[in-house]
Amino acid sequence: MADYEKMWEELGMNMELHDQLCQVLPVAFGDVYLSQENRPEGMGFWDFVVSGIHGIRPAELIEAQKNGQKVFGTFCVYVPDEVVIAAKGIVTGLCGGSQFWVPGGEKVLPKSTCPLIKASVGARLDKTCPFFRIADMYVGETTCDGKKKAWEILGEDVPMHIMDVPQMKREKDIVKWAGEIEEFKKVVEDFTGNEINVENLNEAIKIVNNKRRALGRVFNCRKALKSPISGKDALLMMQIAFFDDPVRCAEMCNKLADELEKRIEDGVSVCPEGTKRILVTGTPLAIPNWKLHHIIETSGAIVVCEEMCTGTRYFENIVEEDLPTLEAQYMALARRYMKTNCACFTPNTARFDDILRMVDEYKVDGVIDVSLKFCNLYDTEGFLLERTLKEKGIPVLGIETDYTDADAEQLKTRIGAFIEML
Ligand code: BJ8
């Protein structure tokens, strides 16, 4: 990644600290990813992206900025990319998934904050991630308390807009969310200087829908009993979807899906017949958080589905296309986004229904419900979820973890025992 040093310096990054990160990431990726056998050839694209993760896409974003485009950094799948894309803006996900950034976050946040928030704040304040430096505006939301307070700290350092996510899903809440989307549209217009109209919003809706359909095709292949792709590879595809160009993302995912469909036809599998099939649900797994998948897939099982925001919640449900007015488009966007079942909502039983459906569709043997440490929302919801699954006779293991390796051995033991009894 040496070629990008000048770019990083110009972004005002902490070069010394960033060097340390650049040294550990390729090793971790090699250990976790490149050690897998019989990977689909299509994964070469994602390997390439990771090999230049702080160089290739950041350089594209900087080029776009030189051409007058604005970059919006987001932290939640509730923020509608369509609005930004309609104004020729670019969206990049900013959720931090590495322990490397956590100490930086702990300088300003309580230790008892979830690692995703600490890592996100640390990546910005420690100046060790180019995406956090490049984004012209951050878009936060009011999903959990930790995030809400973190925005106040980040907002001192970078322009910030916050979307007020409702906490219930009544019709009036959907209307309220449509109002938030309309307000966001005005913010994006002002910030980019580009008008959003029915035509460009329709076009943007189609771009994002196509990306959702492509991701969905890959997931669909994971339903096959002979698994054509590992859970780790599918997770990597999903994590990178958050900051890649949406048209290219759809193209690459479609290519991968073509290959996986052929593999299914030919009976090619990445694991022996009878390998136990796991659905993982819970808090998102932001890049490069591959810990859980790696443990599961080196313990004799395969992850076939993630009911997570880095999973099905990101691509299921599409937005109605070709609507005639902006008002109708705001409502269509609101309806689609409000189908995302985040634990910040009460009640959130539609998530349990989704998981039960997915257990069936993906022919799952057992569910692992993961909560990031100090995420009270998912941790608390875990009680009701696990009870629901047990009532249906579906084996479930609840775990709480963070970004460190401190609990890796203990997790291996617990997950190994769980898989054994399936
Ligand atoms: S829609 S899951 S992306 S909020 S893990 S920061 S909830 S304390 S990430 Fe999320 Fe949007 Fe919901 Fe999805 Fe807070 Fe919990 Fe941390 Fe979380």
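First, a word on scope: everything that follows refers to the structure included in this document. (Residues numbered from 1 in each chain as written. Predicted model: local features only at pLDDT ≥ 70, side-chain atom pairs only at ≥ 80, totals over all residues. Heavy atoms only, no water.)

Some points on the pattern of salt bridges
Applying the stated criterion to the full structure yields 36 salt bridges. Ionic pairing is found between Glu189 and Lys185, a salt bridge with its closest N-O pair at 3.3 Å. Within this pair, Glu189 and its partner Lys185 are both found in helix α10 (residues 171-192), separated by four residues, close to a single helical turn. We note that Glu189, like Lys185, is buried. Residue Glu361 is joined to Arg357 by a salt bridge in which the shortest nitrogen-to-oxygen separation is 3.4 Å. With Glu361 and Arg357 both in helix α17 (residues 349-361) and four residues apart, this pair spans about one turn of that helix. (Salt bridge = Lys/Arg side-chain N within 4 Å of Asp/Glu carboxyl O. Helix = DSSP H or I, 4+ residues; strand = E, 2+ residues; numbered from the N terminus. Buried < 20%, exposed > 50% of the residue type's maximum accessible area, 1.4 Å probe, protein only.)

Some points on the sheet that holds strand β8 (residues 396-401)
Sheet architecture is open: four strands sit in the order β6-β5-β7-β8, paired in parallel fashion. Strands with a single pairing partner mark the edges of an open sheet, and in this sheet they are β6 (301-307) and β8. Each strand of the sheet is rotated relative to its neighbour by a mean of 30°, with strand direction disregarded. Looking at chain direction, strand β7 (residues 366-372) and β8 are connected through six bridges and run parallel. Bridge pairing links Val367 to Val396 in β8. Against the sheet, helix α18 (residues 376-391) makes contact with β5 (276-282), β7 and β8, and its axis sits at roughly 170° relative to β7, the strand it touches most. (Pairing = 2+ DSSP bridges. Axes fitted to C-alpha atoms, helices over the stretch in contact; angles between N-to-C directions. Contact = heavy atoms within 4.5 Å.)

In short, shape yes, function no, at least from these values alone.
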